[in-house]
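# Breakdown of the fold
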Amino acid sequence: MTIGPIMIRLILTVSSFIYAVLQRYAPTNIVLGRIRRRRGLKWGVPAMLLAAPYIVLAYWCSSGVGDGAPGWLNLVILLCLWNALKYVVIGPISVALLIRARHDEAVARREQARHEHHGELVGT
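The rules we used
Residues numbered from 1 in each chain as written. Predicted model: local features only at pLDDT ≥ 70, side-chain atom pairs only at ≥ 80, totals over all residues. Heavy atoms only, no water. Helix = DSSP H or I, 4+ residues; strand = E, 2+ residues; numbered from the N terminus. Rg over C-alpha atoms; globule rule 2.2 N^0.38 Å. Buried < 20%, exposed > 50% of the residue type's maximum accessible area, 1.4 Å probe, protein only. Contact = heavy atoms within 4.5 Å. Areas by Shrake-Rupley, 256 points an atom, 1.4 Å probe, with all protein chains shown as cover. Salt bridge = Lys/Arg side-chain N within 4 Å of Asp/Glu carboxyl O. Expected span 1.5 Å × (residues − 1). Arc of directions from axis to C-beta. Axes fitted to C-alpha atoms, helices over the stretch in contact; angles between N-to-C directions. Parallel < 35°, antiparallel > 145°, perpendicular 65-115°, else oblique. Nonpolar A, V, L, I, M, F, W, Y, C, P; charged D, E, K, R; others polar. Core = buried A, V, L, I, M, F, W, Y, C linked by side-chain atoms within 4.5 Å.

### Here's the deal with the overall build of the protein
Scanning the protein from N- to C-terminus turns up 5 helices and 0 strands. Counted from the first residue to the last, the protein has its helices and strands arranged as α-α-α-α-α. The C-alpha radius of gyration computed for the protein amounts to 23 Å, which surpasses the reference 14 Å derived for 124 residues by more than 25%, pointing to a less compact arrangement than a globule. Principal-axis analysis of the C-alpha atoms gives the protein an extent of 85 × 50 × 20 Å. Going through the 124 residues of the protein one by one, you find that 20% of them count as buried. Contacts in the protein between residues at least 24 apart in sequence constitute 68% of all its contacts with a sequence separation of at least 6. Entry remark: accessible area of the protein is about 9700 Å², with carbon and sulfur atoms responsible for 71%.

### Concerning the pattern of salt bridges
All chains considered together, the criterion is met by 2 salt bridges. We note a salt bridge from Glu105 to Arg38, for which the minimum N-O separation is 2.8 Å. Here Glu105, found in helix H5 (residues 73-123), pairs with Arg38, found in the loop between helix H2 (27-36) and helix H3 (44-47); they are 67 residues apart in sequence, far enough to count as distant. In this structure Arg38 comes out as partly exposed when scored by relative accessible area, which is 37%. Two residues, Glu111 and Arg114, come together in a salt bridge whose shortest N-O distance is 2.6 Å. Separated by 3 residues within a single helix, Glu111 and Arg114 lie in helix H5, roughly one turn from each other.

### Observations concerning helix H4 (residues 51-66)
For H4, which comprises 16 residues, the first-to-last C-alpha distance of 22 Å matches the rise-based estimate of 22 Å (1.5 Å per residue) to within 8%. If you check which residues of H4 are buried, you get Ala51, Ala58 and Cys61. Here the buried residues of H4 occupy an arc of 95 degrees about the axis, which is enough to place them on one side. The exposed set on the far side of H4, more than 90 degrees from its buried face, consists of Val56, Tyr59 and Trp60. The first or second residue beyond H4 is Gly68, which carries a positive phi of 110 degrees.

### Observations concerning the packing of helix H1 (residues 4-25) against H2
The geometry of a pair of packed helices is captured by two quantities: the angle between their axes and the separation between those axes. At a minimum axis distance of 5 Å, the contact between H1 and H2 shows a crossing angle of 70 degrees. Between H1 and H2, the angle is such that the two are roughly perpendicular. Contact residues: Leu22, Gln23, Arg24 and Tyr25 in H1; Pro27, Asn29 and Ile30 in H2. Per-class residue counts for the contact of H1 with H2 are 4 nonpolar, 2 polar and 1 charged.

### A look at the nonpolar core
Judged by nonpolar contacts, Leu32, Ile35, Ala47, Ala51, Ala84, Tyr87 and Ile90 together constitute the single largest core of 7 residues. By residue number, the principal contributor to this core is H5, which donates 3 residues. Those residues in contact with Ala84 that lie beyond four places of it in its chain are Ala51, Tyr54 and Ile55.

Okay, here's the thing in structure tokens:
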């Protein structure tokens, strides 16, 4: 009897559960989820400024660790840097998504106007 497939299934189940919980309840993931929506795309570039407090906190914790603070603060540093990276990356991504959404909306408006104009010509 092999434990491999059972262990892999267990790891996948636990990791997908943790992912779902973090997507639902972690504050940075909630903010990023709202920015990725159509109405929130305009806030992507200003949200990049939210990276600054995380970088300052990471610096503060790293200097504390260097001065003899507990080693578990390295996890806080890692978390802060990860969150800062997420906010820095969402800016350009949101700009690209906003450009694509506006392009798609303009194409839809032109298509609708063309169909309405074509309907008037056929109806006369």
